[in-house]
Amino acid sequence: ELATRISYFLWSSMPDDELLLMAHQGTLTDEKRLLEKIGRMIQDSRSNQFVEHFAGQWLQLRNLDTVAPDSKAFPQYSDEIRDLMRRETMTFFAGVMRANLPVTTLLNADFTFLNETLANYYGIAGVRGEHFRQVSLAGTQRGGLLTHGSVLTVTSNPTRTSPVKRGRWILDNLLNTPPPPAPPNVPELEKEQLSGTLRERMEQHRQNPACAACHQMMDPLGFALENFDAVGRWRASEGGEAVD
């Protein structure tokens with residue numbers, strides 16, 4: 001039973017002969033030998049199944065297929081870029097896992113995995129060729145999962161960023177402190193009804209006591225990522241004004 005659970009967890013498939021032999025010999029109860037076997041299973045390419053299923057669900061990468069950034073507002077974004085973003089995050093997750101790096105590396109890594117097309121999209125020079133390879137992020141504005149185009153895109157609206165979605169994503173998926181459900185009958189944030197920059201409109205929105213409790217938790221986290229647009233590209237200004 002243990003061999004089967006381990007195998008389907010990491011490989012989404014039945015145990016191999018070595019794992020079954022260990023089970024029949026009773027050596028799976030030896031922690032040292034068990035961890036050594038799990039380490040080999042993680043290094044095996046079959047553990048890509050774990051990366052795809054676990055990271056795809058946890059980081060909401062599956063939702064990339066349903067997001068639809070506005071093509072007029074973001075002409076650089078394409079189906080190819082979407083697929084490359086997803087591959088970057090999957091490859092990065094797998095790299096951290098297989099190198100047995102601290103889990104905090106997912107947040108503060110000074111490297112990622114890119115090919116030439118995605119590097120150009122991010123504005124990172126010196127990457128040539130279509131194969132993915134580890135790339136240093138030293139001297140750039142990027143680092144860790146929160147600056148991956150996949151995460152930034154899946155937490156945005158079609159025409160603009162969403163500090164609310166990004167803040168909630170962090171609370172839900174990284175801090176395990178999801179905000180309470182929104183109260184009923186709270187209207188969407190309508191630009192026509194509020195004035196000023198996005199930050200100013202959100203501040204007006206929070207003046208509603210029914211909205212303030214949740215938004216005071218989510219909004220600051222989301223606004224920390226405002227230098228990244230709705231498709232994960234760095235920007236210093238929006239609409240002619242510096243990003244606040």
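Source: prediction; values computed, not measured. (Residues numbered from 1 in each chain as written. Predicted model: local features only at pLDDT ≥ 70, side-chain atom pairs only at ≥ 80, totals over all residues. Heavy atoms only, no water.)

Chemist: Honestly, the nonpolar core in this entry has me stumped. Any pointers?
Modeler: Proteins that are soluble and globular tend to have nonpolar side chains buried together. The biggest cluster of nonpolar side chains holds 51 residues, and the ones touching the most others in it are Tyr77, Phe92 and Tyr121. Apart from residues lying up to four places away in sequence, Tyr77 is in contact with Leu64, Val67, Pro69, Arg82, Met85, Tyr121, Thr153 and Val231. (Core = buried A, V, L, I, M, F, W, Y, C linked by side-chain atoms within 4.5 Å. Buried < 20%, exposed > 50% of the residue type's maximum accessible area, 1.4 Å probe, protein only. Contact = heavy atoms within 4.5 Å.)

Chemist: Help me understand the pattern of salt bridges in this model?
Modeler: If charged atoms from side chains of opposite charge come close, those side chains can pair. A complete count under the given rule lists 13 salt bridges for this structure. Salt-bridge contacts for Asp16 lead to Lys37; the nearest nitrogen and oxygen are separated by 3.0 Å. Highlighted residues: Asp16 in the loop between helix H1 (2–10) and helix H2 (17–25) and Lys37 in helix H3 (residues 31–43), separated in sequence by 21 residues. Summarising the burial analysis for this pair, Asp16 and Lys37 share the class buried. Salt-bridge contacts for Arg82 lead to Asp83; the nearest nitrogen and oxygen are separated by 3.2 Å. (Salt bridge = Lys/Arg side-chain N within 4 Å of Asp/Glu carboxyl O. Helix = DSSP H or I, 4+ residues; strand = E, 2+ residues; numbered from the N terminus.)

Chemist: What is the right way to read the packing of H1 against H3 from this model?
Modeler: When two helices pack together, their arrangement is given by the angle between their axes and by how far apart the axes lie. Running from amino to carboxyl end, H1 crosses H3 at an angle of 25°, the nearest separation of the two axes being 11 Å. Judged by the angle between their axes, H1 and H3 are roughly parallel. Handedness of the H1/H3 crossing: right-handed. Taking contact as the criterion, the partners of Ile6, Ser7 and Leu10 in H1 are, on H3, Leu34, Ile38, Met41 and Ile42. Of the residues in the contact of H1 with H3, the class split is six nonpolar, one polar and no charged. (Axes fitted to C-alpha atoms, helices over the stretch in contact; angles between N-to-C directions. Parallel < 35°, antiparallel > 145°, perpendicular 65-115°, else oblique. Left-handed = near helix turned anticlockwise from the far one by under 90°. Nonpolar A, V, L, I, M, F, W, Y, C, P; charged D, E, K, R; others polar.)

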